[in-house]
2 protein chains.
Amino acid sequence: MPDNKSKKADIFAVAKAARVSPSTVSRYFNHPELLKSATRKRIDSAVRRTGYIRNRAAQTIHGIRSGTIGVLIPTLDHAIFAEVVQAFSDTVAAQGFTILLASHGYDLQREYAILRKFLEHRVDGVVLTGLDHDEAVFQLLDSQEIPCILMWNYATASRYPSIGADNEQAGKLIAEHVLSLGHRRIACMFPPTHGNDRALARREIVLATLRSAGVTVPDEWMLTTLYSISDSKQDAQRLFSQFERPTALICGNDILATGALFGAAASGLVVPDDVSVVGIGDFKGSSEIEPSLSTVRLPARRIGYETGQALATAIIDPASAPNVSLHCAPELIVRKSSGPPGQAGHL
Amino acid sequence: MPDNKSKKADIFAVAKAARVSPSTVSRYFNHPELLKSATRKRIDSAVRRTGYIRNRAAQTIHGIRSGTIGVLIPTLDHAIFAEVVQAFSDTVAAQGFTILLASHGYDLQREYAILRKFLEHRVDGVVLTGLDHDEAVFQLLDSQEIPCILMWNYATASRYPSIGADNEQAGKLIAEHVLSLGHRRIACMFPPTHGNDRALARREIVLATLRSAGVTVPDEWMLTTLYSISDSKQDAQRLFSQFERPTALICGNDILATGALFGAAASGLVVPDDVSVVGIGDFKGSSEIEPSLSTVRLPARRIGYETGQALATAIIDPASAPNVSLHCAPELIVRKSSGPPGQAGHL
DNA sequence: AATAGTTTTGCAAATGTTTTCATAAATTCG
DNA sequence: CGAATTTATGAAAACATTTGCAAAACTATT
């Protein structure tokens, strides 16, 4: 039982208790194979008796790795980010790292400040979410010599290695799916794109894909909707109650699509007979909803895992690290919420 | 523009660049009011030029606070925990703290190991999830002199201050609601309770409340279902296809309830006419689903916020800290998924 | 212009480790 | 059994900062 009130449980206290020098105690932790097994045992017991806990801060000032990784995300409130972070955290935890987590709420100024905090803590590596960041952020990273990975999105020409899904491809996949079903009267619902390069990229590519097939989306069918089921339900309901009504609705993510599904039900429409609804993301639950949602899967767990692996090796063995981007391809998932356009065009 | 390749951007480099002593640079950061504004300016520019970033590790070994808080949760995969963590993180970030986050996946052994890691990093405080923890964890905390709060659940006699909702009350509220509607033929669906005191407490109190109203739940109506929409949908469907069918189903959380709602739909039952379904949690989306879910709200954001406030003050000003538990009361939310039992008792 | 008082700065010790180098102890070999 | 070699341990310097104390630089007062 550790001595609760022992003044200082530092390496000296342990050394005294084990009747060895502090250096030996240090070696006990860092190079145990150098010790005689008898001394090892003695120190072992001393550590237990004193309740000593190593002080990583003291190690860190020797240039030794801190064993921490800074993870910077927009918010945990989107389950998909929570999922990525969970996978990442599990992966690097297995290699002995602990994560520093902070969210910037899509405020790029805050991102810079948080990154500085991370660096003050001497993190061994950094993960940012998405490809777009303030130039100051990149410059700060340039001046440090720790690895950084841009997680979640993928692009060949990213400023730092990126590991994630190609948004353009995701948008293209879903747009093509809708087109291939024969839809021409198509509406879109996307979240506000301010400070959110992902949403922006998706919208652009969806519109471009439709356009190149000769389909244009009229302004009043181009919805900008907050990331919430209630908002999207409401907006969808309003859309569906117009005289001219689309035969398909492409949503920027599965949350919006879920709300749209509810909105359709509330408007008395049958999905997919009256209207098709598709999303992007394949969030948890998207396969279970009624009707199950056609969408594009962004492999969150895999992205988290791959990023964790890549960053951990980049930290542990910088030489071997290829430090390259990795594409975790999105995948079209066709379920029950999409089908060919029905007869019923008008009310 | 910071000197990218300056060998060492330590306090000495800054001191030289500003032609002052290192001590003065230290003061610039820690007690700026002691400096002449001219020197302050000089150092300011030197910091900029050298690209110096403070080293918190070096401060920490002086007994100065590390500015980190360890947060230990079961998993981020449950959106409700992500929500609590987000609220907590925002709250303490505003006070300058950064969080170390780790999840144990309901493995109490791992919890001990993670806590040790946190302590090695000299966190200024710790947050654990739930009331039940390994005795070794508590003893370890006892031996340290940093504040710890048990977040999420509340109990008057918790081993450490607890801030959260009273599970018993939540379970009681929902059970009483179902009883008050007139149901007597009631089924229950709860997640596996191993290593999960929350789920266990909820189930016990629900059953006890029913029992004290003279209602017993037959074994085959006592479902243990994995935390997933697909599992709960399946299990609910199986339950609803039995010859004898309950008029109400109480679910241990809203995810299970959501699945059960889908299961009911798939079985051709109308909620709440044929069967009532209720949950616990009031997760995001529970109000938007069709039919909207009757449940008990566990105020996640508030819990995260209150815990953040309490822990931050306990760290910054231990004297003033009352360091007491706080109950964030759960609240019955009656929506459309519950109603009086219908005529149709049998198939 | 000298004195007393105040503000600002520098020196050096301290913090809890790791690590290099040197020495002591143990082992191997002839 | 003693020399040569190997293995285990200790002493002290180093790491990046903070801080108590004292000295230096200013101000105000006469």
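Residues numbered from 1 in each chain as written. Chains lettered and ligands numbered in written order. Predicted model: local features only at pLDDT ≥ 70, side-chain atom pairs only at ≥ 80, totals over all residues. Heavy atoms only, no water.

1. Overview of the relation of the copies chain B and chain A
Both copies of the chain are related by one operation, a rotation about an axis with a shift along it.
Here's step 1: If you rotate chain B by 180 degrees and push it 0.1 Å along the axis, it lands on chain A with an RMSD of 0.1 Å. Overall, the copies show the geometry of a two-fold rotation axis.
Here's step 2: The overlap is high: 100% of the interface residues of chain B also sit at the interface in chain A, so the same surface is used on both sides. (Least-squares fit on C-alpha atoms with pLDDT ≥ 70 in both. Contact = heavy atoms within 4.5 Å.)

2. Remarks on the nonpolar core
Side chains of nonpolar character tend, in soluble globular proteins, to be buried together.
Here's step 1: Counting 140 residues, the largest nonpolar core has A:Leu210 and B:Leu210 as its most contacted members.
Here's step 2: Setting aside chain neighbours within four positions, we find B:Leu210 in contact with B:Ala175, B:Leu179, B:Ile186, B:Cys188, B:Val215, B:Val217 and B:Ile250.
Here's step 3: Among the nonpolar cores identified, the runner-up in size contains 38 residues, and A:Ile53, A:Ala102, A:Ile114 and A:Val137 belong to it. (Core = buried A, V, L, I, M, F, W, Y, C linked by side-chain atoms within 4.5 Å. Buried < 20%, exposed > 50% of the residue type's maximum accessible area, 1.4 Å probe, protein only.)

3. Quick notes on the protein's contact with DNA strand D
Here's step 1: Near DNA strand D lie 26 residues; those nearest to it are A:Arg27, A:Thr39, B:Ser26, B:Tyr52 and B:His62.
Here's step 2: Protein-adjacent atoms of DNA strand D, using a 4 Å cutoff, are sugar or phosphate at a proportion of 65%.
Here's step 3: Contact distances for DNA strand D include 2.8 Å between a phosphate oxygen and a backbone N or O atom of B:Ile11.
Here's step 4: B:His31 is positioned such that a nitrogen or oxygen atom in its side chain is 3.5 Å from a phosphate oxygen of DNA strand D.
Here's step 5: Of all elements in the fold, only α2 (22–30) of chain A together with α1 (11–18), α2 (22–30) and α4 (56–60) of chain B reach the threshold of two or more residues within the surface near DNA strand D.
Here's step 6: With four residues, the single largest contributor to the surface near DNA strand D is α2(B).
Here's step 7: Per-class residue counts for the surface near DNA strand D are nine nonpolar, twelve polar and five charged. (Near = heavy atom within 4 Å. Polar contact = N/O pair within 3.5 Å; in protein donor to acceptor, adjacent residues only side chain to side chain. Helix = DSSP H or I, 4+ residues; strand = E, 2+ residues; numbered from the N terminus. Nonpolar A, V, L, I, M, F, W, Y, C, P; charged D, E, K, R; others polar.)

4. A short note on the side chain of B:Asp254
Residues and elements named next belong to chain B.
Here's step 1: Along the chain, the position of Asp254 falls in helix α11 (residues 254–266).
Here's step 2: Among the polar contacts made by the side chain of Asp254, one reaches the main-chain amide nitrogen of Asp282 at a distance of 2.8 Å.
Here's step 3: Looking at Asp254, its side chain comes within polar contact range of the side chain of Thr295, at 2.7 Å.
Here's step 4: Apart from residues lying up to four places away in sequence, Asp254 is in contact with Gly279, Ile280, Gly281, Asp282, Phe283, Ser286, Leu293 and Thr295.

5. Thoughts on empty space enclosed by the protein
Here's step 1: Overall, the coordinates contain three cavities of 30 Å³ or more when judged by the stated rule.
Here's step 2: Estimated volume of the largest cavity: approximately 190 Å³.
Here's step 3: Around the largest cavity, the lining is made up of 14 residues, and of these A:Ala57, A:His121, B:Ala57, B:Thr68 and B:His121 lie nearest the centre.
Here's step 4: Of all elements in the fold, only α4 (56–60) of chain A together with α4 of chain B reach the threshold of two or more residues within the lining of the largest cavity.
Here's step 5: Looking at the lining of the largest cavity residue by residue, the class counts come to four nonpolar, eight polar and two charged. (1 Å grid on protein atoms, 1.4 Å probe; cavity = no way out; pocket = protein on both sides within 12 Å on 5 of 7 lines; lining within 4 Å. Points joined across faces, edges and corners; volume = space filled by probe spheres on them.)

6. Some details on the protein's contact with DNA strand C
Here's step 1: A:Ser26, A:His62, B:Thr24, B:Arg27 and B:Thr39 are the nearest of the 28 residues found near DNA strand C.
Here's step 2: Counted by atom, the contact set of DNA strand C within 4 Å of the protein is 63% sugar and phosphate.
Here's step 3: A distance of 2.7 Å separates a base nitrogen of DNA strand C from a polar atom in the side chain of B:Arg27.
Here's step 4: Within the backbone of B:Lys36, one N or O atom sits 3.1 Å away from a phosphate oxygen of DNA strand C.

7. Digging into a positive patch on the surface
Residues and elements named next belong to chain A.
Here's step 1: Together, Arg19, Lys36, Arg42 and Arg49 give the surface a local cluster of positive charge.
Here's step 2: Mapped onto the secondary structure, Lys36 falls in the loop between α2 and α3 (37–50).
Here's step 3: For Lys36, a relative accessible area of 62% gives the class exposed. (Patch = residues over 30% accessible without salt bridge, like charges linked within 9 Å, V, L, I, M, F, W, Y side chains within 5 Å. Areas by Shrake-Rupley, 256 points an atom, 1.4 Å probe, with all protein chains shown as cover. Salt bridge = Lys/Arg side-chain N within 4 Å of Asp/Glu carboxyl O. Lys, Arg positive; Asp, Glu negative; His and termini not counted. Charge placed at Lys NZ, Arg CZ, Asp CG, Glu CD.)

8. Some thoughts on the packing of α2(B) against helix α3 (residues 37–50) of chain B
Two quantities define a packed helix pair, namely the angle between the axes and the distance from one axis to the other.
Residue and element names in this part refer to chain B.
Here's step 1: Interaxial distance between α2 and α3 falls to 10 Å at its minimum, and their mutual angle equals 95 degrees. Put simply, α2 runs roughly perpendicular to α3. When α2 is examined against α3, the residues Thr24, Val25, Tyr28 and Phe29 are found in contact with a partner set consisting of Arg40, Ile43, Asp44 and Val47.
Here's step 2: Class assignment of the residues belonging to the contact of α2 with α3 gives a composition of five nonpolar, one polar and two charged. (Axes fitted to C-alpha atoms, helices over the stretch in contact; angles between N-to-C directions. Parallel < 35°, antiparallel > 145°, perpendicular 65-115°, else oblique.)

9. Points about the interface of chain B and chain A
By a frequent convention, interface size equals the accessible area lost on bringing the separate parts together.
Here's step 1: Taken together, the contact between chain B and chain A spans 48 residues of the former and 48 residues of the latter.
Here's step 2: For the chain B and chain A pair, buried surface summed over both sides reaches about 4500 Å², with 53% attributable to carbon and sulfur atoms.
Here's step 3: It is B:Ile53, B:Glu120 and B:Glu288 in chain B that bury the most area against chain A; as a group they hold 14% of the surface buried on that side.
Here's step 4: Inspection of the region where chain B meets chain A yields six salt bridges.
Here's step 5: Measuring nitrogen to oxygen at the nearest pair gives 3.1 Å for the salt bridge that ties A:Arg301 to B:Asp77.
Here's step 6: Across the chain B-chain A interface, the total number found is 20 residue pairs in polar contact (both at pLDDT 80 or more).
Here's step 7: Breaking the side of chain B that touches chain A down by element, the ones donating at least two residues are α4, α5 (79–93), β2 (98–103), α6 (108–120), α7 (135–143) and α10 (229–240) of chain B.
Here's step 8: Top element by residues in the side of chain B that touches chain A is α6(B). It accounts for six residues. (Buried area = accessible area lost by both parts, 1.4 Å probe.)

10. Looking at the pairing of strand β4 (residues 148–153) of chain B
Residue and element names in this part refer to chain B.
Here's step 1: For β4, the tally of buried residues reaches six of six residues, placing the bulk of the element in the interior.
Here's step 2: The pairing of strand β3 (residues 125–129) with β4 spans four bridges and is classified as parallel. Counterpart to Val126 in the pairing with β4 is Cys148.
Here's step 3: Note that the unit made of β3, α7 and β4 has a crossover that is right-handed. (Pairing = 2+ DSSP bridges. Right-handed = clockwise from strand over helix to strand, strands pointing away.)

11. Describing the domain arrangement of chain A
Residues and elements named next belong to chain A.
Here's step 1: Looking at chain A, the domain boundaries give domain 1 (11–54), domain 2 (68–166 + 300–329) and domain 3 (167–297).
Here's step 2: For domain 2 and domain 3, the distance between their C-alpha centres works out to 29 Å.
Here's step 3: The interface is formed by 16 residues belonging to domain 2 together with 14 residues belonging to domain 3.
Here's step 4: Of the roughly 1200 Å² buried between domain 2 and domain 3, counting both surfaces, carbon and sulfur atoms make up 48%.
Here's step 5: Summed over the three residues of domain 2 that lose the most area to domain 3, namely Ile80, Tyr106 and Asp166, the buried surface amounts to 43% of that side.
Here's step 6: If you look at where domain 2 meets domain 3, you find zero salt bridges.
Here's step 7: Counting residues per element, the ones that place at least two in the side of domain 2 that touches domain 3 are α5 (79–93) and β4 (148–153). (Domains from an automatic or database assignment.)

12. Overview of the sheet that holds strand β6 (residues 186–190) of chain B
Two orientations exist for strands paired in a sheet by backbone hydrogen bonds: parallel and antiparallel.
Residues and elements named next belong to chain B.
Here's step 1: With parallel pairing, the four strands of this open sheet are ordered in space as β7-β6-β8-β9. Bordering the open sheet on either side are β7 (222–224) and β9 (276–278), each of which pairs with just one other strand. Direction aside, neighbouring strands of the sheet carry axes that sit 15 degrees apart on average.
Here's step 2: Two elements, strand β8 (residues 248–251) and β9, share three bridges in a ladder whose sense is parallel. Bridge pairing links Leu249 to Val277 in β9.
Here's step 3: In the packing of helix α9 (residues 197–212) onto the sheet, the strands contacted are β6, β7 and β8, and the crossing angle to β6 comes to about 170 degrees.

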